[in-house]
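# A closer look at the structure
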Amino acid sequence: MSAKENPPIYVTRPLLPPLEAFLPYLEQIWEGKWLTNNGPFHQQFEQALCDHLGVGNVSLFANGTLALVTALQAMRITGEVITTPYSFVATAHSLLWNGIKPVFVDIDPRTLNLDPDKIEAAITPQTTAILPVHCYGHPCDVARIQEIADNYRLKVIYDAAHAFGVRCNGESVLRHGDLSVLSFHATKVFNTFEGGAIVSPDAKTKRHVDHLKNFGFVDEVTVVASGINGKMSEINAAFGVLQLKGIDAALQQRQAIDGWYREGLKDVAGIDCLGDAGEDVKNYAYFPILVRQAYPLSRDALFRKLRDNGIVARRYFYPLISDFPMYRGLPSAARANLPVASSASEAVICLPIYPGLTFEQVDRIVGLIRN
Ligand SMILES: *Cc1c(COP(=O)(O)O)cnc(C)c1O
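All values reported here derive from a predicted model rather than from experimental measurement. (Residues numbered from 1 in each chain as written. Predicted model: local features only at pLDDT ≥ 70, side-chain atom pairs only at ≥ 80, totals over all residues. Heavy atoms only, no water.)

Moving on to the sheet that holds strand S10 (residues 196–200). By definition, the strands of a sheet pair up through backbone hydrogen bonds, in either a parallel or an antiparallel sense. On the basis of which strands lie adjacent, the open sheet formed by seven strands has the order S2-S10-S9-S6-S5-S3-S4 and mixed pairing. Strands at the two margins of the open sheet, each flanked by one partner only, are strand S2 (57–61) and strand S4 (101–104). Neighbour to neighbour, the strand axes of the sheet diverge by 25° on average, direction disregarded. Examined bridge by bridge, strand S9 (residues 179–183) and S10 share four bridges and lie antiparallel to one another. Residue pairing across strands places leucine 182 opposite alanine 197, the latter belonging to S10. On top of the sheet, helix H2 (residues 40–53) reaches S2 and S9; it is set at about 130° to S2, its chief contact. Of the strands in this sheet, S2, strand S5 (127–131), strand S6 (155–159), S9 and S10 touch helix H3 (residues 64–74), which is tilted by about 170° from S9. (Pairing = 2+ DSSP bridges. Helix = DSSP H or I, 4+ residues; strand = E, 2+ residues; numbered from the N terminus. Axes fitted to C-alpha atoms, helices over the stretch in contact; angles between N-to-C directions. Contact = heavy atoms within 4.5 Å.)

Before going further, it helps to examine the site of the ligand. In the region of the ligand, 14 residues are neighbours, and Gly64, Thr65, Asp159, Ser183 and Lys188 sit closest. In the environment of the ligand, an oxygen atom lies 2.8 Å from a nitrogen or oxygen atom belonging to the backbone of glycine 64. At 2.7 Å from a nitrogen atom of the ligand is found a side-chain nitrogen or oxygen belonging to aspartate 159. Protein contacts shield 92% of the accessible area of the ligand, which totals 380 Å² for the unbound molecule. Looking at side-chain class alone, the shell around the ligand contains three nonpolar, nine polar and two charged residues. (Near = heavy atom within 4 Å. Polar contact = N/O pair within 3.5 Å; in protein donor to acceptor, adjacent residues only side chain to side chain. Areas by Shrake-Rupley, 256 points an atom, 1.4 Å probe, with all protein chains shown as cover. Nonpolar A, V, L, I, M, F, W, Y, C, P; charged D, E, K, R; others polar.)

Take the domain arrangement of the protein next. Along its sequence, the protein is carved into domain 1 (19–244) and domain 2 (247–370). Taken over C-alpha atoms, the centre of domain 1 sits 25 Å from the centre of domain 2. Listed by partner, the interface residues are 42 residues for domain 1 and 35 residues for domain 2. Both sides together, the interface formed by domain 1 and domain 2 hides about 3200 Å², and carbon and sulfur atoms give 67% of it. In terms of surface lost to domain 2, no three residues of domain 1 exceed Phe104, Tyr136 and Val189, which account for 22% of the buried area on that side. Our count for the contact surface shared by domain 1 and domain 2 stands at 17 residue pairs in polar contact (both at pLDDT 80 or more). Put simply, the parts of the chain that give the side of domain 1 that touches domain 2 at least two residues each are helix H4 (90–97), S4, strand S7 (167–168) and helix H7 (234–244). Counted by class, the side of domain 1 that touches domain 2 contains 23 nonpolar, 13 polar and six charged residues. (Domains from an automatic or database assignment. Buried area = accessible area lost by both parts, 1.4 Å probe.)

Bringing the pattern of salt bridges into the picture now. Pairs can form between side chains of opposite charge once their charged atoms are near each other. By the definition in use, this model includes 17 salt bridges. The partner of lysine 213 in a salt bridge is aspartate 210, and the shortest N-O contact between them spans 3.9 Å. On the basis of relative accessibility, which here comes to 5%, the residue lysine 213 falls in the buried class. Using a relative accessible area of 22% as the deciding quantity, one classes aspartate 210 as partly exposed. Here aspartate 272 and arginine 292 are joined by a salt bridge, their closest N and O atoms 2.9 Å apart. With aspartate 272 in strand S13 (residues 271–273) and arginine 292 in the loop between strand S14 (287–291) and helix H9 (299–308), this pair connects stretches of sequence that are 20 residues apart. Given a relative accessible area of 35%, arginine 292 falls into the partly exposed group. Look at the salt bridges and you will find they share partners, linking Glu46, Lys206, Asp210 and Lys213 into a network. (Salt bridge = Lys/Arg side-chain N within 4 Å of Asp/Glu carboxyl O. Buried < 20%, exposed > 50% of the residue type's maximum accessible area, 1.4 Å probe, protein only.)

Printed below as a string of structure tokens:
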């Protein structure tokens, strides 16, 4: 098999509408000459996202990380924040950018989300908030987390970068917590090249967030905070409006791929496919498998075997955030404090999943894992 016949299969490929479909949007921007700062596409995209997601207040951002940093500022979070080590590094980096100390708490072995049973023991007089992640788009135990937050008067900010379109208990998962943060990065289920958003519970909070992402400007002459420039441009917003039209079809394709993997891998000893976390609408953002002792190869040996065969899978999330140099000195970063996250991180491989991946390609990947 030559490389030409079998080009590499990446863990994800971006969703892209036909180029011709985007040209009229560009013409409209060129015509209007409104390039950024809450332009017509920005307004249209915010409204379209509210309708699509079933939420009331969306503030667009240039990327998810700026949205996370701003969400913490909007809630005036200081001191210590409880978070998960099993995530993309931006989750904890947003705390450091605000001078906040991350306190890592272990995850639930079933969902790989922050374990509510471990949160209380990590709370100190300095704790002001919890920053959980809906990992792989599987909702956290939002009810238990809110109960703990209420008891200790803590804020809850969800890193919902993986959770676009996910619903639980009959509503958007983004309606939970004090704020939720989305990412529209090219690698995510729904992308605007780069982009992100904060979902606020009410219009007043959204206004405050909107000031913070625009240097703190309230009007031409009034600046109320040392805000950042987090604004999304008209090009990205226009692209988002167009992308939304294709998202349902894309999710259907992801659902089919998810089903093919589950069927193909269901009886392979030592390979566990991660189940859902009880959500009623899933987004099939990732397809993580956990390579256990019973499998004949180690996780890394299987990972290399896939790579050698042109399957560019990824070890999300390895290393743990708590193992990176700026975090590993923290007492909560100790391996002994994070046994479940450590073992998941050593066992996980995310397999390719994206619209356009064919049954034959999935079958080839399954075959490599089975043999
Ligand atoms: C992608 C991601 C982010 C960062 O989003 P960007 O838009 O790339 O800045 C934050 N948290 C998690 C969990 C992510 O996966």
